[in-house]
Amino acid sequence: MQDLISLFVKSIFVDNMVFAYFLGMCSYLAVSKNIKTAIGLGTAVIFVLGVTLPVNYLLNKYVLSEGALVWLNPDYAGIDLSFLSFIIFIAVIASITQLVEMVVEKFSPGLYNSLGIFLPLIAVNCAILGGSLFMQERAYETLAQATVFGLGSGLGWFLAIVALAAIREKLSYSNVPAPLRGLGLTFIVVGLMGIAFMSFMGIKL
Amino acid sequence: MDKKIFIEPLFKNNPVSVLVLGICSALAVTVKLEPALVMSLSVTIVLGFSEAIISLIRKTIPNRIRIIVQLVIVAMLVILVDQILKAFAYEVSKQLSVFVGLIITNCIIMGRIEAFALANKPLPSFVDGIANGLGYGIILVVVAFFRELFGSGTLLGYTVVPASWYIKNGGFYANNGLFILPPMALILVGMFIWVQRSIQKELIEKQ
């Protein structure tokens, strides 16, 4: 239990998807103009990560990794399907994103309209596929670990986008050199936030 | 064929600094020049061929399932590149870790397929893909150049800063550790955008 809590905290702050690995940057920069849409997208990302990671973990453990098909037939022990993992992971992610899109459209049409193209683009949000690939690379041992890692990284992404949206709302009132206005300044602000997040680096939990 | 297709993505309509596509991987692999070069090459190849293939079959893809079709074709090309890198450049492929796989979700690829390949013939699409890959590569190389030079004092692994300059050898110079850290990549791209928009005034955003 204790190692799950420390994994959760670690995946939110120390291994933050945005500041430590730059994943999910495209939608991060594009949808962070106001807090309300940022919260909507952040929640969708938490949900998609929290669902896809356990599913992909099971697929990886029982279908893809070397010798994983033994439960079907002992003769399959030598089969290694891990080269297929990109395709399988992305297919799972795309179908779950489709599901989220339908749910949001039904229950919150306002949010659906304000997210626009970025809702289907969660499918190609690198934070999601990155989560699955990190899970595979770091070889998490249990289903609980994979789920906690997914929820933690999602929450980390959520916090990052809400924080950036709040800063950008304030920044729109300030006087910025014209060529730096908008995108350029946003990059620099994200960089400075990243330096602040560096203070979590090296913390052993 | 229109020369603009090839020239514009290199600077004027750069996918990273103007269209804001493909930032994620652009920043994570730029600590050293070598992985940055390998990454740009991989993205250029995947982008060129996926645009050409999608463009060939663009009239037969049903609109509603096109995202899945595109993802499968891109994923196939990425798997090829990944396997080739593992076979012939194992060290670099270790350094790039998951970022080769993440080419699949690189927004440059989906963005250019949606915006260009679905509406154009295969040859222009191929050229568009190569040009956008090179435009992406230019940003990667510029960022990686500064990060490796100031962060480690080397370029492509060769020492550039004379050894006698360093403090431990009685000199005055120390590598700037900040450049190795990830946030510096963002700040460098921010600077690049600043410089670019000072040259191309029409890109400046309205208040």
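Residues numbered from 1 in each chain as written. Chains lettered and ligands numbered in written order. Predicted model: local features only at pLDDT ≥ 70, side-chain atom pairs only at ≥ 80, totals over all residues. Heavy atoms only, no water.

**Brief notes about the overall build of chain A**
Looking only at helices and strands, one finds eight helices and zero strands in chain A. When its helices and strands are written in sequence order, chain A yields α-α-α-α-α-α-α-α. Based on the C-alpha atoms only, the size of chain A along its principal axes is roughly 70 × 45 × 30 Å. Once local pairs closer than 6 in sequence are excluded, the contacts in chain A between residues at least 24 apart make up 76%. Taken as a whole, chain A presents about 9200 Å² of accessible surface, with 68% of it coming from carbon and sulfur. In chain A, the 10 positive side-chain charges and the 10 negative ones have mean positions that sit 18 Å from each other. (Helix = DSSP H or I, 4+ residues; strand = E, 2+ residues; numbered from the N terminus. Contact = heavy atoms within 4.5 Å. Areas by Shrake-Rupley, 256 points an atom, 1.4 Å probe, with all protein chains shown as cover. Lys, Arg positive; Asp, Glu negative; His and termini not counted. Charge placed at Lys NZ, Arg CZ, Asp CG, Glu CD.)

**A look at the packing of helix α3 (residues 33–56) of chain B against helix α6 (residues 107–115) of chain B**
Residue and element names in this part refer to chain B. Two numbers describe how α3 lies on α6: the axes approach to 10 Å, and their chain directions differ by 30 degrees. Between α3 and α6, the angle falls in the class roughly parallel. Crossing geometry of α3 relative to α6 is assigned as right-handed. Mapping the contact onto sequence places Val-46, Leu-47, Ser-50, Glu-51 and Ile-54 in α3 and Ile-108, Ile-109, Arg-112 and Ile-113 in α6. Class assignment for the residues of the contact of α3 with α6 results in six nonpolar, one polar and two charged. (Axes fitted to C-alpha atoms, helices over the stretch in contact; angles between N-to-C directions. Parallel < 35°, antiparallel > 145°, perpendicular 65-115°, else oblique. Left-handed = near helix turned anticlockwise from the far one by under 90°. Nonpolar A, V, L, I, M, F, W, Y, C, P; charged D, E, K, R; others polar.)

**What to know about the layout of surface pockets**
Roughly 600 Å³ of volume is contained in the second largest pocket. Around the second largest pocket sit 20 residues that line it, and Phe-86, Gln-136 and Glu-137 of chain A together with Asp-82 and Lys-86 of chain B are the ones nearest its centre. Within the residue set of the lining of the second largest pocket, elements represented by two or more residues are α4 (85–107) and α6 (126–138) of chain A together with α4 (66–88) and α5 (90–96) of chain B. Considering only residue class, the lining of the second largest pocket consists of seven nonpolar, nine polar and four charged. (1 Å grid on protein atoms, 1.4 Å probe; cavity = no way out; pocket = protein on both sides within 12 Å on 5 of 7 lines; lining within 4 Å. Points joined across faces, edges and corners; volume = space filled by probe spheres on them.)

**Some details on the interface of chain B and chain A**
Much of the literature gives interface size as the accessible area that the parts lose upon coming together. Each partner contributes to the interface: chain B provides 41 residues, whereas chain A provides 40 residues. Together chain B and chain A conceal approximately 3700 Å² of surface at their shared face, both sides included; 82% is due to carbon and sulfur atoms. On inspection of chain B and its partner chain A, the count reaches zero salt bridges. There are one residue pair in polar contact (both at pLDDT 80 or more) connecting chain B and chain A. Put simply, the parts of the chain that give the side of chain B that touches chain A at least two residues each are α2 (23–28), α4, α6 and α8 (182–199) of chain B. When residues of the side of chain B that touches chain A are assigned to their parent elements, the largest contribution, 11 residues, is made by α8 of chain B. Considering only residue class, the side of chain B that touches chain A consists of 28 nonpolar, nine polar and four charged. (Buried area = accessible area lost by both parts, 1.4 Å probe. Salt bridge = Lys/Arg side-chain N within 4 Å of Asp/Glu carboxyl O. Polar contact = N/O pair within 3.5 Å; in protein donor to acceptor, adjacent residues only side chain to side chain.)

**Structural notes on the nonpolar core**
Counting 115 residues, the largest nonpolar core has Leu-23, Met-25, Tyr-28 and Trp-157 of chain A together with Met-39 and Ile-104 of chain B as the members making the most contacts within it. Look past the residues within four positions of Met-25 of chain A in its chain and what remains in contact with it is Val-18 and Val-190 of chain A together with Ile-23, Cys-24 and Leu-186 of chain B. (Core = buried A, V, L, I, M, F, W, Y, C linked by side-chain atoms within 4.5 Å. Buried < 20%, exposed > 50% of the residue type's maximum accessible area, 1.4 Å probe, protein only.)

**With respect to α3 of chain B**
Compared with an ideal rise of 1.5 Å per residue, which puts 24 residues at 34 Å, α3 of chain B spans 35 Å between its outermost C-alpha atoms and is within 8% of the ideal. In terms of residue burial, α3 of chain B counts as a mostly covered element, since 17 of its 24 residues are buried. (Expected span 1.5 Å × (residues − 1).)

**Some remarks on the pattern of salt bridges**
Scanning all chains against the criterion turns up four salt bridges over all chains. Residue Lys-10 of chain A pairs with Asp-15 of chain A through a salt bridge whose shortest N-O separation is 3.5 Å. For Lys-10 of chain A, a relative accessible area of 33% corresponds to the partly exposed category. Arg-112 of chain B is the partner of Asp-128 of chain B in a salt bridge, and the nearest nitrogen-oxygen pair spans 3.2 Å. Of this pair, Asp-128 of chain B sits in helix α7 (residues 122–152) while Arg-112 of chain B sits in helix α6; the two residues are 16 residues apart in sequence, bridging distant segments of the chain. No difference in accessibility class separates Asp-128 of chain B from Arg-112 of chain B, as the two residues are buried. Residues joined in a network through salt bridges with shared partners are Lys-10, Asp-15 and Arg-138 of chain A.

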